[in-house]
Amino acid sequence: PFVVFAKEAPNSLDDFSMDEAFTYFYFSDVMHTFSGLDPSFLTVGRNAKTDFPEDYEAYFADDVDVCKNFAFPRVKLIFEPWR
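All figures in this text were calculated on a predicted structure; none of them were measured in a lab. (Residues numbered from 1 in each chain as written. Predicted model: local features only at pLDDT ≥ 70, side-chain atom pairs only at ≥ 80, totals over all residues. Heavy atoms only, no water.)

> Break down the overall build of the protein for me, with residues and values.
For the protein, the count of helices and strands is 4 helices and 2 strands. Tracing the protein from N to C terminus, the helices and strands come up as β-β-α-α-α-α. Burial statistics for the protein: of 83 residues in total, 23% are counted as buried. In the protein, the share of contacts with a sequence separation of at least 24, taken over all contacts with a separation of at least 6, comes to 45%. (Helix = DSSP H or I, 4+ residues; strand = E, 2+ residues; numbered from the N terminus. Buried < 20%, exposed > 50% of the residue type's maximum accessible area, 1.4 Å probe, protein only. Contact = heavy atoms within 4.5 Å.)

> Provide a residue-level description of the environment of A58, including the pertinent values.
One can find A58 in helix α4 (residues 56–68). A relative accessible area of 45% means that A58 is categorised as partly exposed.

> Give a detailed account of a nonpolar patch on the surface, specifying residues and quantitative values.
On the surface, V3, F25 and Y26 cluster together into a nonpolar patch covering about 280 Å² of accessible area. As for its position among the elements, F25 is in strand β2 (residues 23–27). (Patch = residues over 30% accessible without salt bridge, like charges linked within 9 Å, V, L, I, M, F, W, Y side chains within 5 Å. Areas by Shrake-Rupley, 256 points an atom, 1.4 Å probe, with all protein chains shown as cover. Salt bridge = Lys/Arg side-chain N within 4 Å of Asp/Glu carboxyl O.)

> Go over the confidence of the model for the protein, please, and point to the residues and values.
Taken as a whole, the protein shows an average pLDDT of 83; of its residues, 82% reach a score of 70 or greater. Per-element confidence in the protein ranges from a low mean pLDDT of 85 for helix α1 (residues 30–35) to a high of 93 for helix α3 (residues 48–51). (pLDDT = per-residue confidence, 0-100.)

> So what about the nonpolar core? Which residues, and what values?
Listed in full, the 7 residues of the largest apolar core are A21, F22, A48, Y56, F60, V64 and C67. The element best represented in this core is α4, accounting for 4 residues. Aside from chain neighbours lying at most four places away, what touches A48 is Y24, P53, Y56, Y59 and F60. Within the second largest apolar cluster, 6 residues are counted, among which are V4, F5, Y24 and L42. (Core = buried A, V, L, I, M, F, W, Y, C linked by side-chain atoms within 4.5 Å.)

> Can you break down α4 residue by residue, with the values?
Across its 13 residues, α4 extends 19 Å between first and last C-alpha, which sits within 8% of the 18 Å expected from 1.5 Å per residue. Where α4 is concerned, the buried positions are Y56, F60, D63, V64, V66 and C67. With its buried residues spanning 160° around the axis, α4 presents them on a single face. Within α4, the exposed residues directed more than 90 degrees away from the buried face are E57 and D62. (Expected span 1.5 Å × (residues − 1). Arc of directions from axis to C-beta.)

Here it is in structure tokens:
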């Protein structure tokens, strides 16, 4: 496995804006091969709400759960396999 993307967690996990939290700050160049989208397009303030407007709340809940249940400063690697 390899890192396809990384997100920035908000300072507070109990109160944050779903318009601004968990924005993508890194995408591997392979993303262009997978989806046709350039990494530079994906890292300009996009997050689950912009990319998955139907079910973005579930993505935020998962991200918050991961952040709360792994002690800092442990590196969090979340792999989402592409098929």
